[in-house]
Amino acid sequence: MKTIGAEVAKMQERIKRYRWEILFDADPTAEDYITELTELIDKDIIGTWLLKMAAFCSTGDLLSAIRCLRIIEQGTNLNWEEIEEPAGFYGDEVKDHIGYQFDFFMNCFIDHIFSADLINHAIDQANAFRSKPGAWFDYAENWGGILEQFKDRVEGKI
């Protein structure tokens, strides 16, 4: 897997260059723009990383799976007000949508078995990610939820 920083930069560049004006072709109500925006983000921006994350979990590569989540988190962590309209109006909704990807990761994690040693390495990695939030969106609480699940699994609570 390439370095996280390189993949984050690539995703951010894709977001900045994306032709968001296609959202104007959607029904012009705000709710529809939000739905269309998040569907485009899933399909064209983070979809590949979600698939990789699920595949890594299913093959036991928890550390690569958590790196995929970090790429999604940081790759979308931009000042959305500077993004082409109408996407630029929905930064808060983008933040919420990316927050749901932490839940997706947790579902992948819960569905598979990992060694305590591997989970302890993942705890170290998640702590490092949590300590370095993005410039615009802070997902420390989401990382905290993942850390709690990891610790519960190591302690045999789940």
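We now turn to the structure provided with this report. All figures in this text were calculated on a predicted structure; none of them were measured in a lab.

The next subject is helix H6 (residues 140-154). Between its terminal C-alpha atoms H6 stretches 21 Å, which fits the 21 Å expected from 15 residues at 1.5 Å a residue. Considered for burial, the residues of H6 that qualify are Trp 143, Gly 144, Ile 146, Leu 147, Phe 150, Asp 152 and Arg 153. Those residues of H6 hidden inside the fold are in contact with helix H3 (62-75), helix H4 (91-110) and helix H5 (116-130). Immediately beyond the C-terminal end of H6, within one or two residues, lies Gly 156, with a positive phi of roughly 80 degrees.

Glancing now at the nonpolar core. Counting residues in hydrophobic clusters, the biggest one holds 49 residues, and the most contacted among them are Trp 20, Leu 37, Leu 62, Trp 80, Phe 105, Trp 143 and Phe 150. Residue contributions to this core peak at ten residues, all from helix H2 (residues 30-58). When neighbours within four sequence positions are excluded, Trp 80 is seen to be in contact with Ile 15, Trp 20, Leu 37, Ile 41, Ala 87, Gly 88, Gly 91, Val 94 and Phe 137.

A cluster of acidic side chains, namely Glu 81, Glu 82, Asp 92 and Asp 96, defines a negative patch on the protein surface. You can see Asp 96 is positioned in helix H4. Given the relative accessible area of 45%, Asp 96 is considered partly exposed.

This part covers the pattern of salt bridges. This structure, assessed with the given rule, holds five salt bridges. Of the charged contacts in the structure, one is a salt bridge between Glu 7 and Lys 10, with a shortest N-O distance of 4.0 Å. Residue Glu 7 and its partner Lys 10 are both found in helix H1 (residues 4-17); the two are separated by three residues, about one turn of the helix. Taking the relative accessible area as the measure of exposure, Glu 7 reaches 8% and is therefore buried. Measuring nitrogen to oxygen at the nearest pair gives 2.5 Å for the salt bridge that ties Arg 17 to Glu 13. Within this pair, Arg 17 and its partner Glu 13 are both found in helix H1, separated by four residues, close to a single helical turn.

The subject of this paragraph is the packing of aromatic side chains. For the structure on display, the rule yields nine aromatic pairs. Between Phe 105 and Phe 150, the aromatic rings sit 6.1 Å apart at their centres with planes inclined by 75 degrees, giving edge-to-face as the arrangement. Residue Phe 105 is located in helix H4, and its partner Phe 150 is located in helix H6; the two are separated by 45 residues in the primary sequence. Here Phe 105 matches Phe 150 in class, with each residue buried.

The next thing to look at is the side chain of Gln 74. Within the secondary structure, Gln 74 is located in helix H3. Judged by relative accessible area, which is 15%, Gln 74 ranks as buried. Here Gln 74 is in contact with Val 8, Gln 12, Lys 132, Pro 133 and Gly 134, once residues within four sequence places are set aside.

Contact pair H1 / H3: the axes reach a minimum separation of 8 Å and the direction vectors enclose 40 degrees. Classified by the angle between their axes, H1 and H3 sit oblique to one another. The interaxial crossing formed by H1 with H3 has right-handed handedness. In this structure, H1 contributes Ile 4, Glu 7, Val 8, Met 11, Gln 12 and Ile 15 to the contact, and H3 contributes Arg 67, Arg 70, Ile 71, Ile 72, Gln 74 and Gly 75. Split by residue class, the contact of H1 with H3 holds six nonpolar, three polar and three charged.

The rules behind these values
- Residues numbered from 1 in each chain as written.
- Predicted model: local features only at pLDDT ≥ 70, side-chain atom pairs only at ≥ 80, totals over all residues.
- Heavy atoms only, no water.
- Helix = DSSP H or I, 4+ residues; strand = E, 2+ residues; numbered from the N terminus.
- Expected span 1.5 Å × (residues − 1).
- Buried < 20%, exposed > 50% of the residue type's maximum accessible area, 1.4 Å probe, protein only.
- Contact = heavy atoms within 4.5 Å.
- Core = buried A, V, L, I, M, F, W, Y, C linked by side-chain atoms within 4.5 Å.
- Patch = residues over 30% accessible without salt bridge, like charges linked within 9 Å, V, L, I, M, F, W, Y side chains within 5 Å.
- Areas by Shrake-Rupley, 256 points an atom, 1.4 Å probe, with all protein chains shown as cover.
- Salt bridge = Lys/Arg side-chain N within 4 Å of Asp/Glu carboxyl O.
- Lys, Arg positive; Asp, Glu negative; His and termini not counted.
- Charge placed at Lys NZ, Arg CZ, Asp CG, Glu CD.
- Phe/Tyr/Trp six-rings, centres within 6.5 Å; stacked < 30°, edge-to-face > 60°.
- Axes fitted to C-alpha atoms, helices over the stretch in contact; angles between N-to-C directions.
- Parallel < 35°, antiparallel > 145°, perpendicular 65-115°, else oblique.
- Left-handed = near helix turned anticlockwise from the far one by under 90°.
- Nonpolar A, V, L, I, M, F, W, Y, C, P; charged D, E, K, R; others polar.

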